[in-house]
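The chain contents come next:
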Amino acid sequence: MTDHLAISTLTLRHRIPDDWAQDPWAEVRPLIDGVDVLKAVHPEGVALGCRHWTGPAESWPLAVTQEPRRVIITEPTCTAGCCGALYVTMRREGDRVIWDAWENTSNVTAVPADYWFDAAQYTSELARAAADRSWEEPVDTIARLLRQTLADSGWFERWGCVLTDVCPRREEPDMPEELTSPEGVDVRFHEVQASGARARSYAYELFTTHGRPVEEQVRRLAARVLEDDPRKSAELEGY
């Protein structure tokens, strides 16, 4: 290990992407010493969304161990295989976290410099960002709380199904009305099928109401889902 690199500060900022079709949740954007150093080398790249920050700490996208780990730190809104992504190898050495061995597979081959972080500051910032709800708009809070309510209910398991996703659906003001849906929450689930059988997938397109209390809307939407066999009340997808 070399010992001449300055110690940098990591800051994680939630940002709702301009193009949220790939992941409607806010991305958790890393800034280094207050600068978005990733944008200069991967301008089309989006950091992994906050849905990836809900599990145990060791599963968070920027979690580190003593074993080096190569991670995708920004990716395009299509796929990494299509337009390339930005990768970094991160590890912990003593009281330092190191980011190095960058790889840029996009049409911009430049990469950021190597960085060292104080491990205590780094770990604290990851925990702060994972718990941060200040960025949420009402539709985000409704989607998060509705997901928790549905997951805790065991309702889908009762009907031989698995809850796949609950996510906010944002208004698209520049889109013609016939090509978009009003703001709300999308709930997706699928049947559990025997190995090799095609599992049928379903979706609810639920609508939120501006100005109504979040908790009231969560109760209303949950009641809509929990009132009947979801395989009858939801829309069948892909058929």
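This text goes with the structure placed above it.
Every chain is numbered on its own, with residues counted from 1 as its sequence reads. Reporting of local features is limited, given that this is a predicted model, to residues whose pLDDT is at least 70; pairs of side-chain atoms are given and counted only at 80 or more, and all residues count toward the totals for whole chains, interfaces and linings. Calculated side-chain values reflect all of the structure's heavy atoms, with hydrogen atoms and water omitted.

Some points on the overall build of the protein
And then number 1: A count of helical and extended segments in the protein gives seven helices and 11 strands.
And then number 2: Taken over the C-alpha atoms alone, the protein extends approximately 65 × 40 × 40 Å along its principal axes.
And then number 3: Every residue pair with non-hydrogen atoms within 4.5 Å of one another is taken to be in contact. Of the contacts made within the protein by residues no fewer than 6 positions apart, 54% connect residues no fewer than 24 positions apart.
And then number 4: Of the roughly 12,900 Å² of accessible surface on the protein, a fraction of 50% belongs to carbon and sulfur atoms.
And then number 5: Note that His is not counted, nor are the chain ends; the positive residues are Lys and Arg, and the negative ones are Asp and Glu. Where a charge lies is defined by one atom per residue type: Lys uses NZ, Arg uses CZ, Asp uses CG and Glu uses CD. Where the 26 positive side-chain charges of the protein centre and where its 41 negative ones centre are 4 Å apart. Only DSSP runs of H or I covering at least 4 residues are called helices, and only runs of E covering at least 2 are called strands; the numbering of each starts at the N terminus. Reported accessibility uses the Shrake-Rupley method at a 1.4 Å probe radius. Residues are deemed covered only where the shown protein chains occlude them.

Re the packing of helix α4 (residues 138-153) against helix α6 (residues 214-226)
And then number 1: Lines fitted to C-alpha atoms define the axes, with helix axes restricted to the stretch in contact, and inter-axis angles between N-to-C directions lie between 0 and 180 degrees. Direction vectors running N to C along α4 and α6 enclose 45°, while the axes themselves pass 9 Å from each other. Judged by the angle between their axes, α4 and α6 are oblique. The interaxial crossing formed by α4 with α6 has right-handed handedness. Residue-level inspection shows Pro138, Thr141, Ile142, Leu145, Leu146, Thr149, Leu150 and Ser153 of α4 in contact with α6, the latter providing Val214, Gln217, Val218, Leu221, Ala222, Val225 and Leu226. Oblique is the label for every angle not falling under 35 degrees (roughly parallel), over 145 degrees (roughly antiparallel), or within 65 to 115 degrees (roughly perpendicular). For any pair of crossing helices, the crossing counts as left-handed if the nearer helix is rotated counterclockwise from the farther one by less than a right angle, and right-handed if it is rotated clockwise.

Structural notes on the pairing of strand β2 (residues 10-15)
And then number 1: Alternating residues of β2 divide into Leu10, Leu12 and His14, all buried, and Thr11, Arg13 and Arg15, none buried.
And then number 2: Bridge analysis of β2 against strand β3 (residues 27-32) gives six bridges, and the strand direction is antiparallel. Paired with His14 across the two strands is Val28, which belongs to β3. The cut-offs for exposure are 20% and 50% of the maximum accessible area for each residue type, with area from a 1.4 Å probe on protein chains only; residues under the lower value are buried, those over the upper are exposed, and the others partly exposed. Strands pair, by our definition, only if DSSP identifies at least two bridges between them.

Here we look at α4
Along an α-helix, residues three or four positions apart point the same way, because every turn accommodates 3.6 residues.
And then number 1: Across its 16 residues, α4 extends 22 Å between first and last C-alpha, which sits within 8% of the 22 Å expected from 1.5 Å per residue.
And then number 2: Along α4, the residues classified as buried are Val139, Asp140, Thr141, Ile142, Ala143, Leu146 and Leu150.
And then number 3: The secondary structure elements touched by the buried residues of α4 are α5 (155-158), β8 (161-169), β9 (184-191), β10 (201-207) and α6.
And then number 4: Directly after α4, the chain includes Gly154, whose backbone phi takes a positive value near 70°. The length a helix should cover is 1.5 Å for every residue beyond the first.

Things to note about the sheet that holds strand β5 (residues 86-93)
And then number 1: The five strands lie next to each other as β1-β7-β6-β5-β4, forming an open sheet whose pairing is mixed. In this open sheet, the two strands that pair with only one neighbour each are β1 (7-8) and β4 (69-74).
And then number 2: The strands touched by helix α3 (residues 119-131) within the sheet are β1, β5, β6 (96-104) and β7 (115-118), with β7 carrying the most contacts at an inclination of about 80°.

A look at the packing of aromatic side chains
And then number 1: Pairs were defined over the aromatic rings of Phe, Tyr and Trp, the Trp ring being its six-membered one, requiring ring centres within 6.5 Å. Orientation was assigned from the angle between planes: stacked under 30 degrees, edge-to-face over 60, tilted for the rest. Taken as a whole, this structure holds 10 aromatic pairs when the rule is applied.
And then number 2: When the ring of Trp155 is compared with that of Trp159, the centres are 5.6 Å apart and the planes differ by 70°; the resulting orientation is edge-to-face.
And then number 3: In this analysis the charged atom, NZ for Lys or CZ for Arg, is taken to sit over a ring once it is within 6 Å of the ring centre and within 35 degrees of the ring normal. It is Arg70 that lies over the ring of Tyr87; its NZ or CZ is 4.0 Å from the centre.

Some words on the sheet that holds β10
And then number 1: Pairing is antiparallel in the open sheet, where four strands are placed in the order β8-β9-β10-β11. Looking at the sheet topology across the chains shown, the edges are occupied by β8 and β11 (235-237). Pairs of neighbouring strands in the sheet enclose a mean axial angle of 30°, with direction left out of account.
And then number 2: Both β8 and β9 contribute to a ladder of eight bridges, which runs antiparallel. Along β9, the bridge assignment pairs Asp165 with Arg188.
And then number 3: The strands that α4 touches are β8, β9 and β10; relative to β8, the one it contacts most, it runs at about 170°.
And then number 4: Each of β9 and β10 touches α6; the most contacted strand, β10, lies at about 145° to it.

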